[in-house]
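Structural description and commentary
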Amino acid sequence: MEKSVAEKIFDSVHRAYDKFLNLATFNKINSWQETLINATPNGKNILDVGTGTGEIVKKIHQKVNENSYIYALDISFNMLKVAKSKLNSENILFIKSDALKLPFKNKSLDNVYFSLVFRHLPQQEITNQLKLVLKKDGYVSILEIAKPKSKILYSFILLFADKIFRPIGRLIFSKQEWDYFVDSIKNSMTKQELLEFFKSNGFDTHFYQSRFLGLIHVAVFKKHTED
């Protein structure tokens, strides 16, 4: 089966991804992930979608008790190899899978995490999956780029990513890879859009903070329906 565009891109950037993420977030990514994990009531069965190089899985594993199981899912085999090289635990299972075909039984998961992944996915489709696999009162935890309310600021961010920061990005990524990341920013939501989206899908807001001058969502949503 031919690889998807996303799989090809993340397979090719696995060596440089951690360095790039720290550079792009001015070394804030670790503290944002810590905030997200600390704000989440973690249960026994925890899924991280788009686990990448495993950084958030490593932090979750350090926080939860020894009876919890963490499923690290990614479409990229190379990313999973990097993640597995960092993590050695019988309580972590690495799964190569498309996020839209989650290999879990209905109402089997207590938690699902997305760290800079949610905007890359068809948001309604993946949320429909979440409603199936999450238990009632399960939690969705999201760290993501936020779209600012100001159109001027939003235009500046796109300009910064596409024109000003591009020469740095191109030192690490190909043109296709960099264009993929820039285009994904266009799928980001404002705070109000994100909260309303999850409310309309049967989730209550458990926790929300804006970071990085309002350009980052740190959000936890609690499922309250059986659908």
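Right above here is the structure, for reference.
The numbering scheme is per chain: residues are counted from 1 as the chain's sequence reads. In keeping with the predicted nature of the model, local features appear solely for residues at pLDDT of at least 70, side-chain atom pairs appear and are counted solely at 80 or more, and the whole-chain, interface and lining totals rest on all residues. Derived side-chain values reflect all non-hydrogen atoms in the structure, with water molecules and hydrogen atoms excluded from consideration.

1. Digging into the overall build of the chain
Only runs of H or I of at least four residues qualify as helices and only runs of E of at least two qualify as strands under DSSP, and these elements are numbered from the N terminus. Looking only at helices and strands, one finds 10 helices and 7 strands in the chain. Values of the radius of gyration come from C-alpha atoms, whereas the globule rule sets the reference at 2.2 Å times the count of residues to the power 0.38. For 227 residues, the compact-globule estimate of 2.2 N^0.38 gives 17 Å, and the chain sits close to it at 17 Å. Burial status follows relative accessibility: with a 1.4 Å probe on protein chains alone, a residue under 20% of its type maximum counts as buried, one over 50% as exposed, and anything between as partly exposed. Across the 227 residues in the chain, those meeting the buried criterion constitute 53%. Any pair of residues with heavy atoms lying within 4.5 Å of one another is described as a contacting pair. In the chain, 70% of the contacts between residues at least 6 apart in sequence involve partners at least 24 apart. Distance between charge centroids for the chain: 3 Å, based on 33 positive and 24 negative side chains. His is not counted, nor are the chain ends; Lys and Arg add positive charge and Asp and Glu add negative charge. Charged side chains are reduced to one point each, which is NZ for Lys, CZ for Arg, CG for Asp and CD for Glu.

2. Brief notes about empty space enclosed by the protein
Empty space among the atoms becomes apparent when a probe as large as a water molecule is rolled across them. Lining residues are those with an atom within 4 Å of a point, where the points come from a 1 Å grid over the protein atoms alone and group into cavities, where a 1.4 Å probe fits but cannot get out, or pockets, open sets with protein on both sides within 12 Å along at least five of seven lines. Grid points are joined across faces, edges and corners, and a volume is the space filled by probe spheres set on the points. Counted by the stated rule, this structure contains 1 cavity of 30 Å³ or more. Size it by volume and the largest cavity reaches roughly 50 Å³. Phe 118, Arg 119, Gln 123, Ile 142, Glu 144, Ile 145, Asn 187, Ser 188, Met 189, Leu 194 and His 217 are the residues that line the largest cavity. Looking at which element gives the most residues to the lining of the largest cavity, the answer is strand 5 (residues 134–145), with 3 residues. All residues other than Ala, Val, Leu, Ile, Met, Phe, Trp, Tyr, Cys, Pro, Asp, Glu, Lys and Arg, Gly among them, are scored as polar; the first ten of these are nonpolar and the last four charged. Classifying every residue of the lining of the largest cavity by side-chain character gives 5 nonpolar, 4 polar and 2 charged.

3. Points about the pattern of salt bridges
Throughout this description, the term salt bridge denotes a Lys or Arg side-chain nitrogen within 4 Å of a carboxyl oxygen of Asp or Glu. Summed over all chains, the structure comprises 9 salt bridges. The salt bridge partner of Lys 63 is Glu 34, with a shortest N-O separation of 3.4 Å. Placement of Lys 63 in helix 4 (residues 55–63) and of Glu 34 in helix 3 (residues 29–38) is noted, with a sequence separation of 29 residues between them. With a relative accessible area of 44%, Lys 63 lands in the partly exposed category. For Asp 110, the salt bridge is made with Lys 135, and the minimal N-O distance between the two is 3.2 Å. Within this pair, whereas Asp 110 is found in strand 4 (residues 109–115), its partner Lys 135 is found in strand 5, the two being separated by 25 residues in sequence. Given the relative accessible area of 29%, Lys 135 is considered partly exposed.

4. A word on unusual backbone geometry
In this model, Phe 26 sits at a positive phi of 55°, which is unusual for a non-glycine residue. The backbone of Phe 212 sits at a positive phi, close to 60°, despite the residue not being glycine. On the basis of relative accessibility, which here comes to 32%, the residue Phe 212 falls in the partly exposed class.

5. Re the environment of Ile 70
You can see Ile 70 is positioned in strand 2 (residues 69–74). For Ile 70, a relative accessible area of 0% corresponds to the buried category. Sequence separation between Ile 70 and Asn 45 is 25 residues, and the spatial gap between their C-alpha atoms is 6.2 Å. Filtering out sequence-adjacent residues up to four positions away, Ile 70 remains in contact with Ile 46, Val 57, Ile 60, His 61, Val 64, Asn 91, Ile 92 and Leu 93.

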